[in-house]
Structures are given as structure tokens and as C-alpha cells.
Amino acid sequence: MHRFDEMHLEANAGLRAHYQNYADWLSRQQAESMQAHRIEAEMIFRKVGITFAVYGEKDEDGSGTERLIPFDLIPRIIPAHEWHSLQRGLIQRVTALNKFLHDVYHDQEILKAGVIPTEQVTNNSQFRPEMMGVNVPSDIYSHISGIDIVRAPNAQGEGEYYVLEDNLRVPSGVSYMLEDRKMMMRLFPELFRSYSVAPVAHYPDLLLETLRNASPQDVEQPTVVVLTPGMFNSAYFEHAFLAQQMGLELVEGQDLFVKDAYVYMRTTRGPKRIDVIYRRVDDDFLDPSVFLANSTLGCSGLMEAYKAGHVAVCNAIGTGVADDKSIYPFVPKMIEFYLGEKPILNNVPTYTCRNADDLKYTLANLPDLVVKQVHGAGGYGMLVGPASTQAEIAAFREALLANPSNYVAQPTLSLSTCPTYVESGVAPRHIDLRPFVLSGKTVQMVPGGLTRVALKEGSLVVNSSQGGGTKDTWVLESDRS
Amino acid sequence: MLSRTADHLFWMSRYTERAENTARMLDVSYQMSLLPQSAPVAQMGWQGLLSICELLPFYKSKYNEVTAANVMRFMVSDESNPSSIISCLRSARENARAVRGSLTTELWETQNQTWLEAQRHIHAHNFLDDPAKLFEWVKFRSHLSRGVTIGTMLKDEARSFMRLGTYLERGDNTARLVDVKYKAIESDFFGEANGKDQEYDFYHWSAILRSVSAFEIYRKVYRDVIRPDRVAELLILRSDMPRSLHACMEEVVSNLSIVSDNLRSGTQHKAGKLLSELKFGQIEEIMDTGLHAFLTQYLDKVNVIGESISADFLVAS
């Protein structure tokens, strides 16, 4: 099987050109000084409180655990031409996904045309019948999309980018992208003199612009808020961080109420009307009068105000139907259907276990496949065949047979690796990339995204809840460095 | 701003200030305990401290004896005591974390760092080996937090709610401090004045003054020997003494006028009235009616103002 490393060429043939400067610099650094930088970075992250809560884990004193996401000092570098083509592919894909969302909640042309089986959309638990016929401003549903990209060698051994997953509900991680860059510039300013790295710090500005443009009311200064489930949520740091960077109120469900189909927040000077809610709360918890009745994270009556066009919710309610793993195999067809274009980015071949043939293939090849739950997230409840014991595979087979339509399978991609600091020194570890795509008047993004790295040797799971770390992601301004 | 945000800011400041004042109160008791004195007198001192914080019954349910080491543990490192220094610092940090987006980065990092270091100072080492050092540290973290607030926060409502919390808490704490020491002195020393007692008296009063950083101020203002009624005057009525009840209430009133509008004049009215009492009050009058009675009334009024602020601004309606 081919391997692909971001820095090193195959078979000790040297370095990729865009890493040459960096590798020279790295070879001049003392091990102790790099170790000191690692410690400094960790201290700063802890002081700044860039932590995430781990669900189900408790400290000795019973309070929730706050953990740091490990930060790796070696950047992931992307040459300019690669990024340009990635960017075009991302814009194309997200544009199609938004058109798909508008379509399934209106005329359902794509279903009528038979491109996607109707029941696969309408029977999907992420499909929200409440959204049928609801018009949202500019027909944009997924304002913030996190598209997970991986790279794997093709038959010729060249690194090829694939979309692994679309995240159109409440994608997180952008705060780490921003903080990682800040940290790198603080620790190694000299590197930024020798490389022209495209800046990312303006992301909050782009996000704010996107959110303001989503306002349904024709008001000069729309009131935008960030809705968080609260400080015990694993991504609370990010919610607070983004609210602060954009100068917005960070609200919780208890701060909101609906009167006459308008949403208000309770302030020290009485109620204030809200035009746009950047929600970091899942659909199910948004409005107890429509969705989960026992939710205290949302606000009763929100859906009514939303349907009346009095408030915008970003991302829209019901986007989950487009990022579901059972819909994922159809995205290339969506691109062709809505845009009449050939997809620029590859999908990973996917076996949908609800289909008898695909199930048969999956069962026969479990040791070689990655099998995921259709609605799963965060790396929970998945099987990585080559990394599993026979007992694990047998147990998973049972679960799969009990409910085949809950699973999809993909070949185990040999994700690209990037040199990473580990206990024994520097060693290759698998990485992915999550760019954050913003859809408003135009579709835009900051160059790069969040690079996650699986710190365990051989592991392909990069999720922070499963021991993953992050790296700064450098998109070079030009191909000459 | 959000009512909930204002509430967190208000309590973040209160807890920070409370930790500082608890450190000050413990410090003065600790210094006093180093003077030659009989065991019952020493015990009385620690007991008085617990009763003024309204914690005596809770303490007795946990510890058998009132000893210096036990009281210090209870008031510094006991996490089951919500008024212990460690609990106050934890609450301050939790409130800060809930609204970290409303704080400047410097201020949030100060609060977070205080909490991270507190755990190390209080749990990892035996602070009883050198309690004065710990109290000093708590005071300085509080100074730092206040300085960073003033130096970096926008002068808006958020800052006013923080200042309200600070001064309401400080006024409350200074009143308790004066009360506890007067009570101790009345019971032990007043009445049967022999030479030694008068000498101790000096140490008592100077310790109180030092605990609110007012020893040099007293000298500067009165240029005279230390007299109990003047100590009381300084800590209650002088508007230029930064920890006096008068100074604290002035800050409360001025910050209230920033956050409040005409609809909600109830709180302002109560605070303004209390301020005038302090403004026009005379120490002779207060001593005649009884200092303890005066301070008890003051604490009741501060409590009512606190509840009123909460109802008007902080609790979602």
C-alpha cells in the first residue's frame, strides 16, 4: 500500500519543495529549545483557558474535566496551487449543498428526478418536516460549513484530496485554527519572515459579516447573538471566544423568550429584540414546544418566530439532512444536478449498508473497511477494520446486522501523515483538514482550516475526544518559497 | 447587557473581594494570636471571627474544638465551606468563565491564573507553615484583578456591575471586621483597665488598622495616639478612606446611577439614603446609640440593597 507524507517524498527521496525551508530551520533547532517551546505553549493554552470538557469524565472532586487539546509545533503546509483547487472545490460543493437543502424543503426536484431515492431523504431522522415551505433569507441554509478533507495516495502514489464528511450543523474547531496560528507566531516569529503564510485572523470578521447578512429584517444594525448550551458544553471555549471576537452577546436558552413571534433577550435594561441567532445548539434542543420537550437549552416559540421570518437561525434548522452519511454518497450527483458541473473534489467510495449488495460487500470485507454510523459524530461508535481485533470486529458485525441501514462503510484510506512531536521524538502521524466555508452574499473562507492529527501511532482517528491533537495550517501565498 | 451576564460579573467581583477580606480578617487574627495571651482569650478571638461570618454553627458541626489551625483550615482550604478562600476563588473563576467573552483577555487570564495558582498554594503546600505569605498572595491577586479591571475594561455597564459587586462586598466586610473586634474588646478588655490591658489595646487597634491597610493612614489623618472611637470614625465615616463604609457606599451609589434608569429608582433611593446617613453621621452619635447596633443595621441595609440590585437588574424577569 502506498503512503503519503506531507513533508517527505517516498522512499527517502528527500523533501517536498514547500517544506525545504522549514526542514532546514528545524534541523538547526536544539531539541531542548523545542521542548521548552512545547512546555511554553501548553502553559499559555492553560492560562488562556483554551480547554474542552470531556463528556462523562469527572475530576476527583466531581467537577467536569477541562482538558487541553494537544498542540503540535510542526505546521502542516499547503502549497498555493493545491489550496486554489481545494478552494474552488469547496465553493462548488457548499453551493450545491445549500441548493439541495432549499430544494428538499421546497419543490424536491432532485427527488422527482430520481437522483436520490425519496424515502432516503424524507424518512431520514435529520429531515425536519417543520421546515417544508419555510423561506430563509437568500435561500442559504448552511452559513457555516466544516468540510472534512483528507489526503490519501492514489494508485500512482500521488496525494489526492478527498472529502470525508460534510459538517453542516454546528461544526466546531475554528477557534483552535485561530489560536494555533497565534501561538505559532508567538513561538516562532522568525519562521513567518521566511515563509509568506496566508493570514487567517480575519475569520471572525467574515463570520460576523455572514451573520449580519443573514438578518431577515431590513434593519441597519441587526442584533446578532451567539447561542451556547452553556459552560459545560465541550466547545464552550469556542462559543465564548467567537462571541467576544465579534463583539456579540453570548446567550443561553434561559436568556431568551418569545413574545408575539419575536425573539427577545433579557437585559439589564429590559427586553431586547434579536434578529440573528448564531446557534451552537443542535436542532433537537432549540425549541421545546416543537422538538425535544424537555430541552432547557433552547427557547419555547423560537420555531414560530423563525417561520414568521422574524429571526434568522444560523445554520438553519434541518441542515442535518444534507450532511448525513447516508446522503454523502449523493453529493457528487447533487453538484451535477444543480450546477451542471463536474465535481472538483473527490468523494470517498461509500457502501450504504441499507442496500443489500453493499451490505454483503461490507460484511465480507469488515477487516479492511471503516464502518460508521449514519448519524454518528466525534469518532464515537465506528469500526476501523485494520486496527481492530477479531473480537471487536465480531461484536461490530452483530451491531451492523441488527440495523444495517444505520451504517455506511468506506475503504480504509491511508491518510497522509505529517511529522509530529511524540514522546520518542519526531514521527509521522495521520492528519486531516477542516476548512470552514462561509455562505452569505458570496461563498468565502480563510485560507486553510484546522488540521487535526491522530497522536497515537498508526491511528486514523483524529477527533479530540479520541486523543487527537491540532497543528497550525499554513497555506502559502505563492508556490515559490 | 444580558441580565445573566451582569449577575456573573457582579458575583465574580464579590467573590474576589470576599476572598481578599477573608484573608485580611484571618491575617489580623493570626497576628493577634502571636501576642502573649491566655488560651481562652485566643480562642475567643477565633470564635468571634467565625460568628461574625455567621459560620459558627457550621464550623461546630465539622470540628470539635476552636483552634487556630482548625479555623484556618476551615476558612482557607475547606471546600465544603462556601466562604473559605478556596471556595471564593473557585466561585470567582467559575463566574468569570461563564462570561469570559465579556471580560478583556487580560482580566480573564488574571482570574484563571489566580485559580490555577490557588490550587497549588492551598493544596500542594502546607499553608499553615506560613499563613501570612498565603494571605499576602490572596490580597495581591485581588489587587491585580481590580487593577486589570480598571486598566482594561471599557467603562460601560459591565464594569459598573463589577464595581457594584466589589464595593457592596467590601462595605459589608469592613463592617463585620470592625464589629468583631469591638465585640472582642468590649468583652475582654473594657471595664477593668489595668496597665497591661491598655498596652494590649494598642495592639488590638493597630492590628485592625493594619488589616485594612490603614495604620499609616490613621497616623496621617489624626497625628495622635490610637483611640477606638477614631478608628471607628476612620473605618465608618471617612469618605477618603478607601475601605470605609462611607467610601464604599459612595461607589455603590455612583455605579448605580450608571446602570439604572428612572424606572428603577428603588435601589438608588435605598443606597442614597444609606449614603446620607454615613455622610452626615457623627461618631459620637454612633457610639452613644451603640456601635454594634449601628453596624448590625448597616449590614441589614446593605443586604437589602444587594437583593434590590438583584431583583432590578440581575434576575431574568
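Thresholds applied
- Residues numbered from 1 in each chain as written.
- Chains lettered and ligands numbered in written order.
- Predicted model: local features only at pLDDT ≥ 70, side-chain atom pairs only at ≥ 80, totals over all residues.
- Helix = DSSP H or I, 4+ residues; strand = E, 2+ residues; numbered from the N terminus.
- Rg over C-alpha atoms; globule rule 2.2 N^0.38 Å.
- Buried ≥ 20, exposed ≤ 12 C-beta atoms within 10 Å, placed from the backbone.
- Contact = placed C-beta atoms within 7 Å.
- Arc of directions from axis to C-beta.
- Pairing = 2+ DSSP bridges.
- Axes fitted to C-alpha atoms, helices over the stretch in contact; angles between N-to-C directions.
- pLDDT = per-residue confidence, 0-100.
- Expected span 1.5 Å × (residues − 1).
- Parallel < 35°, antiparallel > 145°, perpendicular 65-115°, else oblique.
- Left-handed = near helix turned anticlockwise from the far one by under 90°.
- Nonpolar A, V, L, I, M, F, W, Y, C, P; charged D, E, K, R; others polar.

**Regarding the overall build of chain A**
And step 1. Secondary structure summary: chain A contains 14 helices and 23 strands in total.
And step 2. Against the compact-globule benchmark of 23 Å for 481 residues, chain A has a radius of gyration of 23 Å, which places it among compact chains.
And step 3. Projected onto its principal axes, the C-alpha positions of chain A cover 65 × 55 × 50 Å.
And step 4. Across the 481 residues in chain A, those meeting the buried criterion constitute 44%.
And step 5. Within chain A, residue pairs in contact and separated by at least 24 positions form 70% of the contacts whose partners lie at least 6 positions apart.

**As for the overall build of chain B**
And step 1. Within chain B one finds 15 helices and 0 strands.
And step 2. Taken against the 2.2 N^0.38 rule, which gives 20 Å for 317 residues, the C-alpha radius of gyration of chain B at 20 Å falls within 12% of a compact globule.
And step 3. By principal-axis analysis of the C-alpha atoms, chain B measures approximately 60 × 50 × 35 Å.
And step 4. The 317 residues of chain B split such that 50% are buried.
And step 5. Residue pairs at least 24 apart in sequence account for 69% of intrachain contacts in chain B once pairs closer than 6 positions are excluded.

**Let's talk about helix H8 (residues 203–213) of chain A**
And step 1. What H8 of chain A keeps buried is the set Tyr-203, Pro-204, Leu-207, Thr-210 and Leu-211 of chain A. Taken down its axis, H8 of chain A places every buried residue within 120 degrees of arc, on the same side.

**Concerning the interface of chain A and chain B**
Interface size, as often reported, equals the accessible area lost upon joining of the parts.
And step 1. Taken together, the 19 residues of chain A in the interface contact 20 residues of chain B.
And step 2. Listing elements by their share of the side of chain A that touches chain B, those giving two or more residues are helix H2 (31–48), helix H9 (236–246), strand E7 (249–251) and strand E9 (262–267) of chain A.

**A short note on the sheet that holds strand E11 (residues 276–279) of chain A**
Residue and element names in this part refer to chain A.
And step 1. Pairing is parallel in the open sheet, where 4 strands are placed in the order E7-E6-E11-E12. Pairing within the sheet leaves two strands with one partner each, and these edge strands are E7 and strand E12 (312–314). Between one strand axis and the next, the sheet turns by 30 degrees as a mean value, whatever way the strands run.
And step 2. Pairing between strand E6 (residues 224–227) and E7: 3 bridges, direction parallel. Following the sheet pairing, Leu-227 is matched in E7 by Val-251.
And step 3. Across the sheet, H9 is in contact with E6 and E7; its angle to E7 comes to roughly 150 degrees.

**Digging into the confidence of the model for chain A**
And step 1. Chain-level pLDDT for chain A is 91 on average; 96% of the residues reach the 70-or-more range.
And step 2. Ignoring residues within four places in sequence, the model shows residues 59–63 of chain A, a span with pLDDT below 50, making 1 contact including any to other chains.

**Observations concerning helix H1 (residues 3–33) of chain B**
And step 1. Between its first and last C-alpha atoms H1 of chain B spans 44 Å; for 31 residues at 1.5 Å apiece the expected length is 45 Å, and the two agree.
And step 2. The buried fraction of H1 of chain B amounts to 28 of the 31 residues, a majority that puts the element mostly inside the structure.

**Focus: the pairing of strand E8 (residues 256–259) of chain A**
And step 1. Taking every second residue as pointing to the same face, the buried face of E8 of chain A carries Leu-256 and Val-258 of chain A, while none of Phe-257 and Lys-259 of chain A on the other face is buried.
And step 2. Two successive antiparallel strands, E8 of chain A and E9 of chain A, enclose a turn made up of 2 residues, where Asp-260 of chain A displays a positive phi of approximately 50 degrees.

**Quick word on the sheet that holds strand E14 (residues 351–352) of chain A**
All names here are of chain A.
And step 1. Across the sheet, which stays open at both edges, the 4 strands sit in the order E14-E17-E15-E16 with antiparallel pairing between neighbours. Of all the strands in the sheet, the pair left with one neighbour each is E14 and strand E16 (383–384).
And step 2. In this sheet, E16 lies alongside strand E15 (residues 369–373) in antiparallel orientation, the contact comprising 2 bridges. When the bridges of E16 are listed, Val-371 appears paired with Leu-383.

**Here's the deal with the packing of H1 of chain B against helix H7 (residues 131–152) of chain B**
All names here are of chain B.
And step 1. The N-to-C vectors of H1 and H7 enclose an angle of 150 degrees; their axes lie 9 Å apart at closest approach. The pairing of H1 with H7 is recorded here as roughly antiparallel in orientation. Our pair here, H1 against H7, has a crossing hand that is left-handed. Here H1 contributes Thr-16, Glu-17, Ala-19, Glu-20, Ala-23, Arg-24, Leu-26, Asp-27 and Tyr-30 to the contact with H7, which in turn contributes Pro-131, Ala-132, Phe-135, Val-138, Lys-139, Ser-142 and Ser-145.
And step 2. Within the contact of H1 with H7, the residues separate by chemical class into 8 nonpolar, 3 polar and 5 charged.

**Some thoughts on unusual backbone geometry**
And step 1. Here the residue pair Cys-314 of chain A and Asn-315 of chain A is connected by a cis peptide bond, since its omega of -10 degrees sits within 30 degrees of zero.
And step 2. Not every positive phi belongs to a glycine, and Glu-54 of chain B is a case in point at roughly 60 degrees.
And step 3. Take Glu-54 of chain B: it is sitting in the loop between helix H2 (39–52) and helix H3 (56–62).

**Describing the pairing of strand E5 (residues 159–167) of chain A**
Residue and element names in this part refer to chain A.
And step 1. Taken together, the 8 bridges between strand E4 (residues 144–153) and E5 define a ladder with antiparallel strand orientation. Following the sheet pairing, Val-150 is matched in E5 by Tyr-162.
And step 2. Examined bridge by bridge, E5 and strand E13 (residues 346–347) share 2 bridges and lie parallel to one another. Across the sheet, Tyr-162 pairs through a bridge with Asn-346, a residue of E13.

**Brief notes about the packing of H1 of chain B against H2 of chain B**
All names here are of chain B.
And step 1. Two elements in contact, H1 and H2, have axes whose closest approach is 10 Å; the angle formed by their N-to-C orientations is 175 degrees. Classed by the angle they form, the pair H1 and H2 counts as roughly antiparallel. Side by side, H1 and H2 meet where Met-25, Ser-29, Met-32 and Ser-33 of the first sit next to Ala-42, Gly-45, Trp-46 and Leu-49 of the second.
And step 2. When its residues are assigned to classes, the contact of H1 with H2 shows 5 nonpolar, 3 polar and no charged.

**A look at the environment of Thr-174 of chain B**
And step 1. Along the chain, Thr-174 of chain B turns up in helix H8 (residues 157–188).
And step 2. With residues up to four places along the chain from it excluded, the contact list for Thr-174 of chain B reads Val-212, Leu-235, Arg-243, Ser-244 and Leu-245 of chain B.

**Describing the confidence of the model for chain B**
Residues and elements named next belong to chain B.
And step 1. Taken residue by residue, chain B gives an average pLDDT of 88. The fraction at 70 or more is 92%.
And step 2. Long-range and interchain partners of residues 189–194, a stretch whose pLDDT sits below 50, account for 5 contacts in this model, where long-range means more than four residues apart.
And step 3. For this predicted complex, the interface score ipTM comes out at 0.73, while the overall pTM is 0.84.

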